[in-house]
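An overview of the molecular structure
Here is what each chain is made of, one letter per residue.
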Amino acid sequence: MSRKHFFPSPEGVVVHMLNSLVTRNQHMALDTENRVVYNLSHPPNQVTIISGGGSGHEPAWSGFVGDGMLSAAVCGDIFASPSTKQIMAGIRNVPSNEGVILCITNYTGDMLHFGLAREKGQALGYKVDVVCMAEDAALGREKSGKVGRRGLAGNLLVIKLIGAASQKGWAFERCRKIGELGNGQLVTIGTSLDHCHVPGREAFESVKDGACVLGMGIHNEPGLRTISPMPSAQDIVKEMLRYLLDPSDKDRAFVPFSPNYNVVLLANNFGGLSGLEFDAMVNITLEILKSDWNITPTRIYAGVLETSLNGQGFSITLGNMSGMAKEMGLKDSDVIELLDAPTNAPAWPKNGYRPVTVNQETAKLRDQANAAFNSASTSHKGPATPPSLILALRKACQEGLAAEPKITQYDLQMGDGDCGEAVAGVCKSILSNIDAAESNPPSLLALLESVGENVEDVGGSLGAILSILVTAFTNALAVQTTQRGAPLDVKTIGTAASAALENLKHYTSAREGDRTVMDVLIPFITTLKTDGDFAKAVDVAERSAQETAEMKAKFGRATYVGDDDGDRSRIPDPGAYAAGVWLRGLERGFSGS
């Protein structure tokens, strides 16, 4: 876990956060003394919906204050329930003639303080009741015992449903009932790679490397079990879904699910997973729901919704909206309509489930463009592919792959280490290409066109430069051989390469001396055109690649390396070095050495 924070202690952080939130959202106001965020536009003729809990779960719950969701959110200290005094202030800030519903996650402190607020409110003449939100499926009936299930991120679906119902003018008891149904129709399970860390506190526990915790909660409490060695992403999701969906698990079969039901998925990032990794896990969840359980969610909500500070985990919530509709005497579409109802609560995912009209004119043009692209091939044009080129390409890619560790080492010292991976990707892609084409090779121009696509698929600045060069070279070679009838010899290749280089210069201002791959490409192509000697041009390329070790970078991430970084400035540019290695391999392949 990361133990570094900008704030050495939690003191004052919550108020800073709340002030930022209400400043950015004009419908919100803040009762600073009581740390209550409330909706300025909440009308008294609608049921008031209040929730809250310990801070550290942002954007829950303050980020869900808005029309059609929470009327107010009450914020305690980090992972600590707000006081009864704070909750009473929340009730006063959003008065209602219809009544107040306190939505409470099932934790002891929250239940006691919100419960006491209910009693005090009723004593003062308010119409107040509670909805206990508890949908964790990890611990099961046996382990949760008398305490009951924990409230996890599924509570946000309850808040959305009950908030939208209030905005539609539902009566108090009907709003409360749809909130209570959350426990009977929702299940959640979480997993994490580690515990979170609270600013200013010692890290009392961590999860060992090569392991993850199944059934992790959102307060650093231990999960159901630690899984080691670390399972694949697919395997951990499969196990999570079994806990939610397996009807034979009598300890956890809280909610029945069927492919015929309207099922809603809510995936919640605990706060510490990158967006890239989190969304990849969401997609794996959708794939396994479909393949193993024949379930395709009607609605999907995913994001940083109810966190555990910087916890490196996520949770999956499944809701049976068909079951909820049946219990309420509604149609499925009525419940989905509540989920789809607009809200200005800033943290609710803006998925855009409004009906979409597909533009048929654009679709027709798209089909035409794709058809034209697929048919536009140079496979029937130009000279045949020399067998020696296949052998040379294979040798060049093999040497590029062998050099990958050194390229990566150089790049890690100067950047983020992705150059070796990119070079290896290009080489593997080209090798697969020529493996498929070797027995019946296409024309030279078609082969070069496909090699250009291999390079293009890798991405990054190096991939872009090389892809432009290969594409421009293919076009120039086509002009030389098919339009002008030039023979396929070194002179023709040098002329085409020189034209391609001039085209490339339009897209990058890097030149010799700037410590880039251009330090290799420019002298290599210039020598090839001038002398017509491929081996000599490769010698120049290799020498030029080594000379980049004495240059100061003027492009890319390496420009940020300081002048006093010693050894970092005495290694060749990774892209230039890779180009030199690949060209030498190409030369050896042609010569048979």
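Residues numbered from 1 in each chain as written. Predicted model: local features only at pLDDT ≥ 70, side-chain atom pairs only at ≥ 80, totals over all residues. Heavy atoms only, no water.

Per an unreviewed UniProt entry, the recorded name for the chain is Dihydroxyacetone kinase-like protein, and the organism is Setomelanomma holmii. Its UniProt record, at the heading Pathway (unreviewed entry), says of the chain: "Polyol metabolism; glycerol fermentation; glycerone phosphate from glycerol (oxidative route): step 2/2." UniProt annotates the chain under Function (unreviewed entry) with the comment "Catalyzes both the phosphorylation of dihydroxyacetone and of glyceraldehyde." (UniProt positions renumbered as here; feature names shortened; annotations may be inferred.)

Turning next to the sheet that holds strand β1 (residues 28–31). Judged by pairing direction, the sheet is mixed, and its six strands sit side by side in the order β1-β2-β4-β3-β5-β6 without closing on themselves. Edge positions in the sheet fall to β1 and β6 (128–133), since each has one partner strand and no second. Neighbour-to-neighbour, the strand axes of this sheet turn through a mean angle of 25°, independent of strand direction. Examined bridge by bridge, strand β3 (residues 48–55) and strand β4 (residues 72–78) share five bridges and lie parallel to one another. Note that in β4 the partner of Ser 55 across the bridge is Ile 78. Most of the contacts of helix α5 (residues 155–167) go to β6, to which it runs at about 145°, and overall it touches β3, β5 (100–105) and β6. (Pairing = 2+ DSSP bridges. Helix = DSSP H or I, 4+ residues; strand = E, 2+ residues; numbered from the N terminus. Axes fitted to C-alpha atoms, helices over the stretch in contact; angles between N-to-C directions. Contact = heavy atoms within 4.5 Å.)

To continue, consider the nonpolar core. Side chains of a nonpolar character, in soluble globular proteins, are inclined to be buried together. One finds Met 518 and Phe 524 to be the most contacted residues of the largest nonpolar core, which totals 56 residues. If sequence neighbours within four positions are ignored, Phe 524 has contacts with Phe 534, Ala 537, Val 538, Ala 541 and Leu 583. Counting 53 residues, the second largest nonpolar core, distinct from the first, contains Ile 49, Met 69, Leu 186 and Trp 348. (Core = buried A, V, L, I, M, F, W, Y, C linked by side-chain atoms within 4.5 Å. Buried < 20%, exposed > 50% of the residue type's maximum accessible area, 1.4 Å probe, protein only.)

Another point: the UniProt feature "active site" (unreviewed entry) in the chain. The sites that UniProt annotates as "active site" (unreviewed entry) are His 219. We classify His 219 as partly exposed; its relative accessible area is 23%. Residue contacts for His 219: discarding those within four places in its chain leaves His 57, Phe 79, Tyr 107 and Ser 308. A polar atom in the side chain of His 219 sits 3.1 Å from the side chain of His 57. (Polar contact = N/O pair within 3.5 Å; in protein donor to acceptor, adjacent residues only side chain to side chain.)

This part is about the UniProt feature "binding site: substrate" (unreviewed entry) in the chain. UniProt tags Gly 54, Ser 55, Gly 56, His 57 and Asp 110 as "binding site: substrate" (unreviewed entry). In this structure, Gly 54 sits in strand β3. Apart from residues lying up to four places away in sequence, Gly 54 is in contact with Trp 61, Gly 76, Asp 77, Phe 79, Ala 80, Ser 81 and Pro 82. The residue Gly 56 is located in the loop between β3 and β4 in this model. Since its relative accessible area comes to 3%, Gly 56 is described here as buried.

Inspection of every chain in the model, using the stated rule, returns five aromatic pairs. Look at Tyr 410 and Tyr 577: their rings are 5.2 Å apart centre to centre, the planes differ by 85°, and that puts the pair in the edge-to-face class. Taken together, the positions of Tyr 410 in helix α13 (residues 404–414) and Tyr 577 in helix α20 (residues 574–591) put the pair 167 residues apart, joining distant regions of the chain. On the accessibility criterion, Tyr 410 (13% relative accessible area) is buried. Residue classification places Tyr 577 among the buried positions, given a relative accessible area of 14%. Ring-pair connections join several aromatic residues into one group, and the members of that group are Tyr 301, Trp 348 and Tyr 353. Above the plane of the ring of Trp 170 lies Arg 174, whose end atom (NZ or CZ) is 3.9 Å from the centre. (Phe/Tyr/Trp six-rings, centres within 6.5 Å; stacked < 30°, edge-to-face > 60°. Lys NZ or Arg CZ within 6 Å of the ring centre and 35° of its normal.)

Backbone torsion omega between Glu 58 and Pro 59 reads 15°, so that peptide bond is classified as cis. Checked against the element boundaries, Pro 59 lands in the loop between β3 and β4. For the peptide bond that leads from Ala 60 to Trp 61, omega is 0°, which places it in the cis range. Counting through the fold element by element, Trp 61 comes out in the loop between β3 and β4. For Arg 35, which is not glycine, the phi torsion reads 50° and is therefore positive. Take Arg 35: its relative accessible area is 16%, and that puts it in the buried class. Even without being glycine, Asn 294 reaches a positive phi, approximately 55°. The residue Asn 294 is located in the loop between α8 (275–293) and β11 (299–303) in this model. With a relative accessible area of 44%, Asn 294 lands in the partly exposed category.

Of all six residues that make up β6, five are buried, and the element is covered over most of its length. Where β5 and β6 come together, six bridges link them in parallel fashion. Paired with Thr 105 across the bridge in β6 is Met 133. In this view, the connection linking β5 to its parallel neighbour β6 by way of helix α3 (residues 108–123) has right-handed handedness. (Right-handed = clockwise from strand over helix to strand, strands pointing away.)

Moving on, we come to helix α6 (residues 172–185). With 14 residues, α6 extends 20 Å from end C-alpha to end C-alpha; this agrees with the ideal 20 Å at 1.5 Å per step. Looking at α6, one finds that the buried residues are Phe 172, Cys 175, Ile 178, Gly 179, Leu 181, Gly 182 and Gln 185. (Expected span 1.5 Å × (residues − 1).)

This part covers the sheet that holds strand β12 (residues 313–320). The six strands lie next to each other as β9-β8-β7-β12-β10-β11, forming an open sheet whose pairing is mixed. Here the strands that pair on one side only, and so sit at the sheet edges, are β9 (225–227) and β11. Between one strand and the next, the sheet's axes are offset by a mean angle of 20°, whatever the strand orientation. Where α8 meets the sheet, its contacts fall on β10 (263–269), β11 and β12, and the angle it forms with β10 comes to roughly 155°. Along the sheet, helix α9 (residues 321–328) contacts β7 (186–192), β10 and β12; its crossing angle with β12, the most-contacted strand, is approximately 40°.

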